[in-house]
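The primary structure of each chain is shown beneath.
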Amino acid sequence: MSIIHYLNARAVQAFEANEVPVELAKFTPSDRPDLADFQCNGAFQAAKALRKNPREIAAAIQEHLATDPAFEEVTVAGPGFINVRLTNEFLSKKLQQLDFENVIDEGEKPETMIFDYGGPNIAKPLHVGHLRSAVIGDAVKRIARSLGHKVIADVHLGDWGTPMGMLIAEMEHRNPDWPYFSENETSFPTESPIKVDNLNKLYPEAAKHFKEDKDFADRARAITAELQAGRAGYRALWQHFVNTSLTTVKKDFAALDVNFDLWLGESHADVVMPAMLADLKEKGLAVESEGALVIHVAREDDDFEFPPLILEKTGGGVTYGTTDLATIYQRVNLEKKIDRIVYIVDQRQSLHFKQVFRAAALAGYIDEDKLEHLGFGTVNGKDGKPFKTREGGVMRLAELLQMARDEVANKMGIVGKDDESLINMAESIAMAAVKYGDLSTQRLSDYIFDTEAFVKLEGKTGPYIQYAAVRVQSLIDKAADKDLKPSADIHLETAEERSLAMLLLDYPVVLKRAHDRRMPSDICEHVYNIAQAYSRFYQNCPVMTADSKEQSESRLALSQLARKDIVASMDKLGIEIPDRMVTFGDSD
Ligand code: ARG
């Protein structure tokens, strides 16, 4: 049981015994850590309703709590705040029980959750915007999983919209005699007629054509509708686009160690589309509007004109919204056991998700509070504007990762060397730099992609934390050579040992908070604090040259817990700790 749970349970007993409302029996970390570990303001808050003097209530609760040997001190401060300080023995016992692997989410029932993130689009390379979705999505999934939830990650490819028709129309325009375009053809080549580089080049050309030529745009829309309706030649060509695109997309995600259980796309919901549309019509929700089929999702208390969700466009073809709604229909109807769906997508798509969620709730597919859109801010360049290439184009994810790799290789001085272990080390550092740089920013804020800042070996960076963990391990290894090993008992003698212990004991609480708030940045903050507290401990509390073997081994045990905390925290962020690290640049 985490400390805060223990404290709250004690508080409930004390409040009950004194007939004070138990909802107020809550401890929080003390505002004055120099005076106390935790405080409870419940007595003060209850006083008014009970028409009693808050200090009197607090004193009665204090008396009740004081009998618990876990407390070194229970005092009443100010107008009626209860302060407690825990004994070092109690903290040591809790440290012994600390388990970074199996953290139990007290009081929450495990759910089956789908995490929808990544969201690459066929024929377009992954760009800087996909970085955040991938990295944040993978982290919130890992956090949920570590608390016992069943998680399913789905990449949800963008593979079914007008861009698909646009690409097919462009190919048709250039190669009208290919078999894919003749209506009666039934067999098509198994080999893709286009390689990935050409496909990525074709996309902007087709998009330009689409924008500038109205007839071409109409043709592309008509093709989209026919593709969706099942025309064999279009489907065959489209399948080539999907397969070709996926090979590079998979490579980029693999570099980031971002993983998916399902590689489904918008198109996957195609099979349920007729059934869903029929269902929505039957329920009277899908209605005609200016030649299109829509669901009205506006509510009386909306403070702006909330647009309807368009299901079928005039002239045919489903939309991004239809495929998302159909995917929900499919996920809950066919797979049944889904409790919750979490979408990690750019905050700018928030209206889209509101429309889809409202429609899903109206149709009775799933309660609206089981659908979550976790938005995020933009990745900017040093000029504070959305990150672009030097030429002003969209920054590709692969280029971005390469920038981080180059920065690390430069700093490590390994450019042009082919030492495999150094190269692997550099790769691990570069990915940690990018991921921590992203995740440590509060999710909804924008941030500046600055490889120089991300790669530093000091401050709030991935490499700094990795380095801290590597150093602790090397201390433990060195001690082992001298026959010193972490002891089972930990004696907290100095202020630095005690502060480190308090932070370590906070791990389960932080994990739960990061999950509840869907904020991986909470874990970044925690792990940075651990690294800092460890460094203060290390400077002030000699480990190898302690006063006694017992003290050395107690400090080694504390060191080992710090290492475990860092490894576990970084694992939730999807960041690995290398076995070895060389220092570089501005480090000590
Ligand atoms: N492909 C979309 C994009 O690049 C993101 C997909 C997000 N997921 C979803 N279920 N809509 O904007």
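You'll find the structure just up there.
Here's what I pulled together on the structure shown here. Bear in mind that the values here come from a model prediction, so they are computed numbers and not experimental data.

1. A word on the pairing of strand E3 (residues 71-77)
Note that E3 and strand E4 (residues 81-86) share six bridges and pair antiparallel. Directly across from Phe71, in E4, lies its bridge partner Leu86.

2. Section: a negative patch on the surface
Judged by side-chain charge, Asp489, Glu493, Asp547 and Glu550 come together as a negatively charged surface patch. You can see Glu493 is positioned in the loop between helix H16 (462-481) and helix H17 (495-505).

3. A look at the sheet that holds strand E9 (residues 309-312)
Taken in spatial order, the three strands make up an open sheet running E7-E8-E9, and their pairing is antiparallel. For this open sheet the edge positions go to strand E7 (286-289) and E9, each flanked by a neighbour on one side alone. Ignoring which end each strand starts from, the neighbouring axes of this sheet average 45° apart.

4. Comments concerning unusual backbone geometry
The backbone phi angle of Glu290 is positive, close to 50°, even though this residue is not glycine. Within the element layout of this structure, Glu290 appears in the loop between E7 and strand E8 (292-295). Judged by relative accessible area, Glu290 falls into the exposed class, the value being 78%. Even without glycine at this site, Asp483 takes up a positive phi of about 65°. Position of Asp483 among the secondary structure elements: in the loop between H16 and H17. Judged by relative accessible area, which is 58%, Asp483 ranks as exposed.

5. A short note on the environment of Val394
By secondary structure assignment, the location of Val394 is in the loop between strand E12 (379-380) and helix H13 (397-412). C-alpha separation for the pair Val394 and Val567, spaced 173 residues apart in sequence, amounts to 35 Å.

6. Considering the packing of aromatic side chains
Counting across every chain of the model gives 22 aromatic pairs. Plain terms: the ring middles of Phe260 and Trp263 are 5.3 Å apart, the flat faces sit at 70° to each other, and that makes the pair edge-to-face. Taken together, the ring pairs in this structure connect Tyr117, Phe253, Phe260 and Trp263 into an aromatic cluster. Lying across the ring of Tyr234, Arg231 places its NZ or CZ 4.3 Å from the centre. Taking NZ or CZ as reference, Arg358 lies 3.9 Å from the ring centre of Phe306, over its face.

7. Description of the environment of Asp68
Considering the arrangement of structural elements, one finds Asp68 in the loop between helix H3 (54-65) and E3. Judged by its relative accessible area of 5%, Asp68 is buried. With 395 residues separating them along the chain, Asp68 and Pro463 place their C-alpha atoms 43 Å apart. Setting aside chain neighbours within four positions, we find Asp68 in contact with Tyr6 and Arg10. A distance of 2.8 Å separates a polar atom in the side chain of Asp68 from a polar atom in the side chain of Arg10.

8. Description of the site of the ligand
Surrounding the ligand, one finds Asp116, Gly119, Asn121, His130, His156, Tyr320, Asp324, Tyr343, Val345, Gln349 and Phe353. Note that a nitrogen atom of the ligand is positioned 3.0 Å from one of the side-chain N or O atoms of Asp116. Gly119 has a polar backbone atom sitting 2.9 Å from a nitrogen atom of the ligand. Computed on the free molecule, the ligand has an accessible area of 350 Å², of which 87% lies beneath the protein chains in the complex. Broken down by class, the residue content of the shell around the ligand amounts to four nonpolar, five polar and two charged.

9. Some points on the nonpolar core
Membership of the largest hydrophobic core comes to 196 residues, with the highest contact counts inside it found for Leu95, Leu280 and Leu325. Considering each element in turn, this core owes the most residues, 11 residues, to helix H14 (residues 420-439). Sequence-distant contacts of Leu325, defined by excluding residues within four places in its chain, comprise Met276, Leu280, Ile295, Leu309, Leu311, Val356, Ala359, Ala360 and Tyr365.

10. Regarding the packing of helix H6 (residues 162-174) against helix H9 (residues 232-255)
Geometry of a packed helix pair, given as the angle between the helix axes and the separation of the axes. Direction vectors running N to C along H6 and H9 enclose 105°, while the axes themselves pass 10 Å from each other. Between H6 and H9, the crossing angle belongs to the class labelled roughly perpendicular. Along its contact with H6, which presents Met164, Leu167, Ile168, Met171 and Glu172, the element H9 presents Tyr234, Leu237, Trp238 and Phe241. Of the residues belonging to the contact of H6 with H9, the class tally is eight nonpolar, no polar and one charged.

11. Considering the packing of H17 against helix H19 (residues 520-540)
Following both chains from N to C, one finds H17 and H19 inclined at 160°, their axes separated by 9 Å at the closest point. Between H17 and H19, the angle is such that the two are roughly antiparallel. Both H17 and H19 take part in a crossing whose hand is left-handed. On H19, the residues touching Glu496, Glu497, Leu500, Leu503 and Leu504 of H17 are His526, Asn529, Ile530, Ala533, Tyr534, Arg536, Phe537 and Asn540. The residue makeup of the contact of H17 with H19, split by class, is seven nonpolar, three polar and three charged.

12. Notes on the side chain of Gln228
Position of Gln228 among the secondary structure elements: in helix H8 (residues 214-229). Since its relative accessible area comes to 10%, Gln228 is described here as buried. For Gln228, the residues in contact, after removing those within four places along its chain, are Trp160, Arg235, Asp270, Gly317 and Val318.

13. Some thoughts on the sheet that holds strand E1 (residues 27-29)
Two orientations exist for strands paired in a sheet by backbone hydrogen bonds: parallel and antiparallel. Pairing in this open sheet of four strands is antiparallel, and the strands run E1-E2-E4-E3 from one edge to the other. The two strands at the open ends of the sheet, each matched to only one other strand, are E1 and E3. Each strand of the sheet is rotated relative to its neighbour by a mean of 25°, with strand direction disregarded. Looking at chain direction, E1 and strand E2 (residues 38-40) are connected through three bridges and run antiparallel. When the sheet's bridge partners are listed, Thr28 is paired in E2 with Gln39.

14. A few points about the pattern of salt bridges
Considering all chains together, one arrives at 34 salt bridges under this definition. Close ionic contact of Asp138 with Arg142 constitutes a salt bridge, the shortest N to O distance being 3.2 Å. Of this pair, Asp138 and Arg142 both sit in helix H5 (residues 128-146), separated by four residues, roughly a single helical turn. Both residues of the pair, Asp138 and Arg142, count as buried. Measuring nitrogen to oxygen at the nearest pair gives 2.7 Å for the salt bridge that ties Arg518 to Glu372. With Arg518 in the loop between helix H18 (507-517) and H19 and Glu372 in strand E11 (residues 371-374), the pair connects residues that are 146 residues apart, well separated along the chain. Assigned by exposure class, Arg518 and Glu372 land together as buried. Here the salt bridges do not stand alone but share partners, grouping Asp138, Lys141, Arg142, Asp257, Asp571 and Lys572 into one network.

Definitions and cut-offs
Residues numbered from 1 in each chain as written. Predicted model: local features only at pLDDT ≥ 70, side-chain atom pairs only at ≥ 80, totals over all residues. Heavy atoms only, no water. Pairing = 2+ DSSP bridges. Helix = DSSP H or I, 4+ residues; strand = E, 2+ residues; numbered from the N terminus. Patch = residues over 30% accessible without salt bridge, like charges linked within 9 Å, V, L, I, M, F, W, Y side chains within 5 Å. Areas by Shrake-Rupley, 256 points an atom, 1.4 Å probe, with all protein chains shown as cover. Salt bridge = Lys/Arg side-chain N within 4 Å of Asp/Glu carboxyl O. Lys, Arg positive; Asp, Glu negative; His and termini not counted. Charge placed at Lys NZ, Arg CZ, Asp CG, Glu CD. Axes fitted to C-alpha atoms, helices over the stretch in contact; angles between N-to-C directions. Buried < 20%, exposed > 50% of the residue type's maximum accessible area, 1.4 Å probe, protein only. Phe/Tyr/Trp six-rings, centres within 6.5 Å; stacked < 30°, edge-to-face > 60°. Lys NZ or Arg CZ within 6 Å of the ring centre and 35° of its normal. Contact = heavy atoms within 4.5 Å. Polar contact = N/O pair within 3.5 Å; in protein donor to acceptor, adjacent residues only side chain to side chain. Near = heavy atom within 4 Å. Nonpolar A, V, L, I, M, F, W, Y, C, P; charged D, E, K, R; others polar. Core = buried A, V, L, I, M, F, W, Y, C linked by side-chain atoms within 4.5 Å. Parallel < 35°, antiparallel > 145°, perpendicular 65-115°, else oblique. Left-handed = near helix turned anticlockwise from the far one by under 90°.

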